[in-house]
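# An overview of the molecular structure
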Amino acid sequence: MENKVGYLVEEKIDKDFTGYGTHTKERHFPKGNDDGTDGVNTRTYKGEYKNGKEHGIGMYSWSTGPKCVGEFVDDKVTGVAIKKWGGNIDETYAGEYKNDRRDGFGIYIWKKTGIKYVGEFKNNEAEGFGCFIYPDGKRFIGQVSHDPTEDGTWYDRNGKQIT
């Protein structure tokens, strides 16, 4: 079978297509979704394709707000990317992904609370060595697991260790 190479705009993605393109698809979901939306959500992807799959550098945006720019492998965010959730969530992550999940080093910002985490992620959670930075200037540096602090040191806004 011949591999199709070129530029694609708003068409059905052929499984043999390789090149750059733009594609929009709809997702239907039940009312009362946790992102504050109901009904239909559309996702537009612009970027590279390989064998009909999102593969290479690209970006997507959902009609409900989330956006992502980064590396894709076989239709999944894999590599380095920046993702911003909008609406009721309003959070941002910049870092490493593996199979659409935060995995590796990254920075996560919770805009509503002002809390920032810089460190390791595993399976979409803050896990490993990292630093939580709070709006009042306090910091925790050490081992974390699923966001809570486990083993490390607290510092005040002036960098003095809190005992």
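Up top is the structure.
Figured I'd write up the structure that's included with this text. (Residues numbered from 1 in each chain as written. Predicted model: local features only at pLDDT ≥ 70, side-chain atom pairs only at ≥ 80, totals over all residues. Heavy atoms only, no water.)

### As for a nonpolar patch on the surface
Residues F105, I107 and I109 make up a contiguous nonpolar surface patch of roughly 240 Å² in combined accessible area. Examined against the element boundaries, I107 turns out to sit in strand β8 (residues 101-110). (Patch = residues over 30% accessible without salt bridge, like charges linked within 9 Å, V, L, I, M, F, W, Y side chains within 5 Å. Areas by Shrake-Rupley, 256 points an atom, 1.4 Å probe, with all protein chains shown as cover. Salt bridge = Lys/Arg side-chain N within 4 Å of Asp/Glu carboxyl O. Helix = DSSP H or I, 4+ residues; strand = E, 2+ residues; numbered from the N terminus.)

### Considerations on the packing of aromatic side chains
Tallying each qualifying case throughout the model produces 15 aromatic pairs. Considering the side-chain rings of Y93 and Y108, the 6.2 Å spacing of their centres and the 45° angle between planes classify their relative orientation as tilted. In this pair, Y93 sits in strand β7 (residues 91-98) while Y108 sits in strand β8, placing the two residues 15 residues apart along the sequence. Accessibility assignment for this pair places Y93 and Y108 in one class, buried. Taken together, the aromatic side chains of W85, Y93, Y97, Y108, W110, Y117, F121, F132, Y134, F140 and W154 make up a single cluster linked through ring pairs. (Phe/Tyr/Trp six-rings, centres within 6.5 Å; stacked < 30°, edge-to-face > 60°. Buried < 20%, exposed > 50% of the residue type's maximum accessible area, 1.4 Å probe, protein only.)

### Here we look at the nonpolar core
One finds Y60, V77 and Y117 to be the most contacted residues of the largest nonpolar core, which totals 21 residues. For this core, the element with the most residues is strand β6 (residues 76-85), which contributes three residues. Leaving out residues up to four positions away in the same chain, Y60 has contacts with R43, T44, Y45, P66, K67, C68, F72, V77 and K83. (Core = buried A, V, L, I, M, F, W, Y, C linked by side-chain atoms within 4.5 Å. Contact = heavy atoms within 4.5 Å.)

Coordinates in, geometry out; function isn't part of it.
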